[in-house]
Amino acid sequence: MKKAIITALFALISAACLSQTLSKTDFMEDLEFLKKTLPLKHTNLFAKIDSNQFKNKVDQVSMRSNGFDRNRFIVELFRLTKSIGDEHTFIEVNFTKVLPVQFELFKEGLFVVGIDPANTSVLNSKLESINGHPVNDILARFREIIQDENPMYFNDRLLQHLNNPVLLNGLALISNDSTATFTLSNAAGQVQNIKLKAVAGKDATKLNLAQSGNNLLSHQKNSNYWFDYQADTKILYFNYSDCSEHASYPFAKFAEELFTVIDKQKPNKIILDLRSNGGGNSAILNPFIEKIAASYLNKKGKFYVLIGPHTFSSAVMNAVRIKRNTNAILVGQPSSGNINGYGEVRGFALPKSKIIVAYSTRYWENWKGKKGPLKPDSYVDYSIKNYIKGKDEALAQADKSFGLSKP
């Protein structure tokens, strides 16, 4: 269900195309192409917006295009796709630089959880402003380009884009796409400004950043799927962070090893963590679901599934299937992906800018009559204080052995 076409399309786009200077005529040609092509390719583009509204919005962007540069054009395309109201129809740009900082959202606000090694002193600091723009202003501007009907979808995409200098510049939050000044406050209330330069890359999580939260169990390994059995508590923790096969470690082999441990150790409960899973191929996890559903662990209080704002697309489909076919208890926060919605993504490139427009080709009804995101049975409100201590509130709710220390 996740975007599967983007990498192949990017391979067809040269670096020269990405760096070219575009004229108003180029922007208008791209917009006209989008206006004609997207309705033909999308399975139901006008489910939430009618044809005239869509055409008018494209024409309005075209009329404003005289003062555009590429960054502003990208932001305008984001606005257009937001108006369609389909979480799987979006603009995919081959961003080539990123600011070396990573944020996470807690009940107390937005906090730095990753930073370039030269600025480790600001880890776990709270974001106050970017280039003098306070957080409320930043959120308001991002709401112009990110769907916010589902707050968790907005939160997830906000965290993905807060370190994107192209979008920050296109939204007029920073004056160029090379540097940004972040104003941060620490636990003692001390305020500090740090100026970061953009570096090569498009995903800050792939950079060699100094990270906090490393003592959390969910951060112990970086792989599509892995498990940890704790003999003293007889709990098996299964982290499933990507609905795709690991190149050198097929899921079938992983599942065999997992169930060998289950058969031998007879754990008291299993905890499946889908909180970092943005989707892929939903079918990969199905054999696991079927086997757990037929096992002794398919009882209330023995099977827990952790979900949250980063749970999207095929990961939501997996969680829905588990909810409908087992006695699992869902713990965490609502998913960013909706239970039912459009997906099976394809894409096309705009002729001049080579920017890719991803679109849905199929409607997935995973649970008839349900609307909105998948909600947990037990809600968790994460705190930066517990995060720093290495205390995971969701795991604590799933089992007291992961209990939180008293404040």
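Not measured: the values here are computed from a predicted model. (Residues numbered from 1 in each chain as written. Predicted model: local features only at pLDDT ≥ 70, side-chain atom pairs only at ≥ 80, totals over all residues. Heavy atoms only, no water.)

1. Thoughts on the overall build of the chain
Next, step 1: In terms of regular secondary structure, the chain is built from 13 helices and 18 strands.
Next, step 2: For the chain, the C-alpha radius of gyration of 22 Å lies close to 22 Å, the compact-globule estimate for 407 residues.
Next, step 3: C-alpha atoms of the chain, sized along the principal axes, occupy 65 × 50 × 40 Å.
Next, step 4: Evaluated residue by residue, the chain yields a buried proportion of 54% over its 407 residues.
Next, step 5: Residue pairs at least 24 apart in sequence account for 70% of intrachain contacts in the chain once pairs closer than 6 positions are excluded. (Helix = DSSP H or I, 4+ residues; strand = E, 2+ residues; numbered from the N terminus. Rg over C-alpha atoms; globule rule 2.2 N^0.38 Å. Buried < 20%, exposed > 50% of the residue type's maximum accessible area, 1.4 Å probe, protein only. Contact = heavy atoms within 4.5 Å.)

2. Looking at the packing of helix H3 (residues 24-41) against helix H5 (residues 70-84)
Next, step 1: The N-to-C vectors of H3 and H5 enclose an angle of 20°; their axes lie 12 Å apart at closest approach. Comparing the axis directions of H3 and H5 gives the class roughly parallel. Remark: the crossing between H3 and H5 carries right-handed chirality. In this structure, H3 uses Phe27, Asp30, Leu31, Leu34 and Leu38 to contact H5, whose residues at the interface are Arg70, Phe73, Leu77, Leu80 and Ile84. (Axes fitted to C-alpha atoms, helices over the stretch in contact; angles between N-to-C directions. Parallel < 35°, antiparallel > 145°, perpendicular 65-115°, else oblique. Left-handed = near helix turned anticlockwise from the far one by under 90°.)

3. A look at empty space enclosed by the protein
Next, step 1: Within the structure shown, the criterion is met by 1 cavity of 30 Å³ or more.
Next, step 2: Of the volumes computed, that of the largest cavity is approximately 40 Å³.
Next, step 3: Forming the walls of the largest cavity are His42, Asn44, Leu45, Ala47, Lys48, Ile84, Gly85, Asp86 and Tyr342.
Next, step 4: When grouped by side-chain class, the residues that make up the lining of the largest cavity number 4 nonpolar, 3 polar and 2 charged. (1 Å grid on protein atoms, 1.4 Å probe; cavity = no way out; pocket = protein on both sides within 12 Å on 5 of 7 lines; lining within 4 Å. Points joined across faces, edges and corners; volume = space filled by probe spheres on them. Nonpolar A, V, L, I, M, F, W, Y, C, P; charged D, E, K, R; others polar.)

4. A few points about the packing of aromatic side chains
Next, step 1: This structure, assessed with the given rule, holds 25 aromatic pairs.
Next, step 2: Relative to Tyr249, the ring of Tyr225 has its centre 6.0 Å away and its plane inclined at 50°; by these criteria the two rings are tilted. With Tyr225 in strand E11 (residues 225-230) and Tyr249 in the loop between strand E12 (235-240) and helix H9 (251-265), this residue pair connects regions lying 24 residues apart in the sequence.
Next, step 3: Classification of Tyr225 as buried rests on a relative accessible area of 1%.
Next, step 4: What makes Tyr249 partly exposed here is its relative accessible area of 21%.
Next, step 5: These aromatic residues form a ring-pair network of at least three members: Tyr225, Phe227, Phe238, Tyr240, Tyr249, Phe251, Phe254, Phe259, Phe288 and Phe303.
Next, step 6: Seen from the ring of Phe154, Arg143 lies directly overhead, with NZ or CZ sitting 4.2 Å from the centre.
Next, step 7: Positioned above the aromatic ring of Trp367, the side-chain terminus of Lys370 is 4.7 Å from the ring centre. (Phe/Tyr/Trp six-rings, centres within 6.5 Å; stacked < 30°, edge-to-face > 60°. Lys NZ or Arg CZ within 6 Å of the ring centre and 35° of its normal.)

5. Points about the side chain of Asn366
Next, step 1: Looking at the element boundaries, Asn366 is found in the loop between strand E17 (356-364) and strand E18 (378-379).
Next, step 2: Within the structure, the side chain of Asn366 is placed 2.6 Å from the backbone oxygen of Ile339, a separation counted as a polar contact.
Next, step 3: Aside from chain neighbours lying at most four places away, what touches Asn366 is Met317, Val320, Arg324, Ile339 and Asn340. (Polar contact = N/O pair within 3.5 Å; in protein donor to acceptor, adjacent residues only side chain to side chain.)

6. Topic: the packing of helix H6 (residues 135-143) against helix H7 (residues 151-161)
Next, step 1: Running from N to C, H6 and H7 point in directions that differ by 105°, and their axes come no closer than 11 Å. When the axes of H6 and H7 are compared, the pair comes out roughly perpendicular. Touching Leu139, Phe142 and Arg143 of H6 are Phe154, Leu158 and His161, all from H7.
Next, step 2: Across the contact of H6 with H7, the residue classes break down as 4 nonpolar, 1 polar and 1 charged.

7. Some words on the side chain of Thr179
Next, step 1: Along the chain, Thr179 turns up in strand E7 (residues 179-185).
Next, step 2: A relative accessible area of 19% means that Thr179 is categorised as buried.
Next, step 3: Ignoring sequence-local partners within four residues, the contact set of Thr179 consists of Ile174, Lys195, Leu196 and Lys197.

8. Examining the sheet that holds E11
Next, step 1: With mixed pairing, 6 strands are arranged side by side in an open sheet as E11-E12-E13-E14-E15-E18. Two strands lie at the open edges of the sheet, namely E11 and E18, each paired on one side alone.
Next, step 2: Across the sheet, helix H11 (residues 314-325) lies against E12, strand E13 (269-273), strand E14 (303-307) and strand E15 (329-332), angled at about 150° from E14, the strand it touches most. (Pairing = 2+ DSSP bridges.)

9. Some remarks on the pattern of salt bridges
Next, step 1: What the rule picks out here adds up to 18 salt bridges.
Next, step 2: Glu149 is the partner of Lys48 in a salt bridge, and the nearest nitrogen-oxygen pair spans 3.5 Å. On the criterion of sequence distance, the pair formed by Lys48 in the loop between H3 and helix H4 (51-64) and Glu149 in the loop between H6 and H7 is long-range, its members being 101 residues apart.
Next, step 3: Overall, Lys48 belongs to the exposed group, its relative accessible area being 52%.
Next, step 4: A salt bridge links Arg79 to Glu76; the shortest N-O distance between them is 3.1 Å. (Salt bridge = Lys/Arg side-chain N within 4 Å of Asp/Glu carboxyl O.)

None of this, on its own, says anything about what the molecule does.
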